[in-house]
Amino acid sequence: MSTAIDIFLAEGNLPVIAAPMFLVSGPQLVVECCKAGIIGTFPALNQRSTEGFDQWLSQIRTELDEWEERTGRTAAPFGVNLIVHQTNPRVQADLAVCAKHKVPLIITSLGAVSQLVDAVHSYGGVVYHDIIKKRHAEKAAEAGVDGLILVCAGAGGHAGTHSPFSLISDVRKFYDGKIILSGAMSTGRDVATAMQLGADFAYMGTRFIATAESRASAEYKDMIISSGASDIVYTAAVSGVPANFLRPSLESMGITQEMWEQKAKVDFGKELDAAEAEAKAWKTIWSAGQGVSAIDKSIPVADLAAELKTDFLAALAEQAARSQTYTQSLAR
């Protein structure tokens, strides 16, 4: 039985997923992505309660249904990120809400659980799990996930350190499901390159931070636009787990190079519990990937999608022409 994601790919849509970003992704960004033919996603925990999360999903469904009826077009599927870890007491309640709304795509982090996969499959959804190394991919594959999100070097947030070349090669030795590639991609040409490497989707987060519909502050968007790859710092100082952050935002909070190079987490407030302290940190210390190098303006999602599609098709045509030239040359 074909899922909404299968149909989306079969219809030749741009193979891009707008990654779920903590505090940045919300209903408006998701809806505009889906209207523009890009799979929009958001973290369930961006809403402070399960009740609020339920309302967000109702809002997304209603707006997309009304848009489809008005335009006669089909919106891209949407997805939700669930943190599958004992530190998240909402996971079961939020999963039940996802089942209620039949969310087409569930993205799991910090744990791949077969029972969750079965629950999503029961209503026709699919599960993609994010990983940074082969061992995590093997565990997720055993849990029966439909796709693996390979978070490679240069990605925003909790990124890995592997090259996409090596990680895709490692994973394809034992896994034949969907591959979603993440790490420093911002252009349509990057998407075409991901496909050339064997990925089914390009996973973009940083590129959508500076869009008009993102929940990021104007200052955050401006910093994305003015930064380059050398301004990205990979450190465990913010959350205790290595992640990529914008250097100016670290410095603005008094976090020096000496501090971000150590492995210990900076104390952001002993009066706060762990979740509150991390949320406070991420509000003032901004994450981004090395793909900032290709971002020079803030534009609406619709304009970004059109730009990505044009660049993607041009890159494919260029690849085809080069392939024909080399094929003819090597055949002589």
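Numbering of residues starts from 1 in every chain and runs along the sequence as written. Given that the model is predicted, a residue must reach a pLDDT of at least 70 before its local features are reported, and side-chain atom pairs must reach 80 or more before they are shown or counted; all residues, however, enter totals for whole chains, interfaces and linings. For side-chain calculations, the full set of non-hydrogen atoms in the structure is used, while hydrogens and water are omitted.

1. Some words on helix α5 (residues 114-122)
Along an α-helix, residues three or four apart share an orientation, since each turn contains 3.6 residues.
Move 1: Only protein chains enter the accessibility calculation, which uses a 1.4 Å probe. A residue is then buried if its area is under 20% of the maximum for its type, exposed if over 50%, and partly exposed in between. The secondary structure listing takes helices from DSSP runs of H or I that are at least 4 residues long and strands from runs of E that are at least 2 residues long, numbered from the N terminus. Buried within α5 are the following residues: Leu-116, Val-117 and Val-120. For α5, the angular spread of the buried residues around the axis is 100°, confining them to a single face. Facing away from the buried side of α5 by more than 90 degrees, the exposed set consists of Gln-115, Asp-118 and Ser-122.
Move 2: By definition, residues are in contact when any of their heavy atoms lie within 4.5 Å. Looking at the buried side of α5, the elements it contacts are β3 (78-83), α4 (91-101), β4 (105-109) and β5 (126-131).
Move 3: Once α5 finishes, Gly-124 follows within two positions and takes phi at roughly 95°, a positive value. Working definition: the arc comes from the directions between the helix axis and the C-beta atoms, pointing outward to the latter.

2. A short note on unusual backbone geometry
Move 1: Here the phi dihedral of Leu-23 falls at roughly 70°; this positive angle occurs in a residue that is not glycine.
Move 2: With respect to the secondary-structure elements, Leu-23 resides in the loop between β1 (16-18) and α2 (27-35).
Move 3: On the accessibility criterion, Leu-23 (26% relative accessible area) is partly exposed.
Move 4: Notably, Ala-184 is not glycine yet its phi reads approximately 65°, a positive angle.
Move 5: With respect to the helices and strands, the residue Ala-184 is situated in the loop between β7 (178-182) and α8 (188-196).

3. Here's the deal with the pattern of salt bridges
Move 1: Every case where a carboxyl oxygen of Asp or Glu lies within 4 Å of a side-chain nitrogen of Lys or Arg is listed as a salt bridge. This model, assessed by the stated rule, comprises eleven salt bridges.
Move 2: A salt bridge links Asp-200 to Arg-172; its shortest N-O distance comes to 3.5 Å. In this pair, Asp-200 is assigned in the loop between α8 and β8 (201-204) and Arg-172 in helix α7 (residues 164-172), connecting sequence segments 28 residues apart.
Move 3: Through salt bridges with shared partners, a single ionic network connects Arg-207, Asp-296, Lys-297 and Glu-307.

4. Focus on the environment of Ala-302
Move 1: Structurally, Ala-302 can be placed in helix α14 (residues 301-330).
Move 2: For Ala-302, a relative accessible area of 44% translates into the label partly exposed.
Move 3: Along the backbone, Ala-302 and Asn-46 are 256 residues apart, and their C-alpha atoms lie at a distance of 23 Å.

5. Re the nonpolar core
Move 1: As used in this record, nonpolar core signifies buried Ala, Val, Leu, Ile, Met, Phe, Trp, Tyr and Cys residues forming a set joined through side-chain atoms within 4.5 Å. In terms of nonpolar packing, the biggest core is built from 93 residues, with Val-80, Ile-106 and Leu-150 touching the most fellow members.
Move 2: Aside from chain neighbours lying at most four places away, what touches Ile-106 is Val-80, Leu-82, Cys-98, Leu-116, Val-120, Tyr-123, Val-126, Val-127 and Tyr-128.
Move 3: Ranked by size, the runner-up nonpolar core spans eleven residues in total, among them Val-238, Val-266, Trp-282 and Ile-285.

6. Remarks on the environment of Leu-110
Move 1: Structurally, Leu-110 is set in the loop between β4 and α5.
Move 2: Its relative accessible area of 57% is what places Leu-110 among the exposed residues.

7. What to know about the sheet that holds strand β6 (residues 147-151)
Move 1: Being paired, for any two strands, means DSSP has found at least two bridges between them. Pairing in this closed barrel of eight strands is parallel, and the strands run β1-β2-β3-β4-β5-β6-β7-β8 around the ring. Recorded for the sheet is a direction-independent mean angle of 25° between the axes of neighbouring strands.
Move 2: Taken together, the five bridges between β3 and β4 define a ladder with parallel strand orientation. Across the sheet, Leu-82 pairs through a bridge with Thr-108, a residue of β4.
Move 3: Each axis is a line fitted through C-alpha atoms, taken for helices only over the stretch in contact, and angles between the N-to-C directions span 0 to 180 degrees. Sitting on the sheet, helix α3 (residues 50-71) is in contact with β2 (39-43) and β3, with an inclination near 165° to β3.
Move 4: Together, β3 and β4 form the strand contacts of α4, whose direction differs from that of β3 by roughly 165°.

8. What to know about the packing of α8 against α14
Move 1: It is the contact of α8 with α14, at a shortest axis distance of 7 Å, that shows an interaxial angle of 50°. It follows that α8 is oblique to α14 by the angle criterion. In this structure, the crossing between α8 and α14 has a hand that is right-handed. Every residue of α14 that contacts α8 at Gly-188, Arg-189, Val-191, Ala-192, Thr-193, Met-195 and Gln-196 is listed here: Leu-308, Asp-311, Phe-312, Ala-315, Leu-316, Glu-318 and Gln-319. Roughly parallel means an angle under 35 degrees; roughly antiparallel means over 145; roughly perpendicular covers 65 to 115; every other angle is labelled oblique. A crossing counts as left-handed when the near helix is turned anticlockwise from the far one by less than a right angle, and as right-handed when that turn is clockwise.

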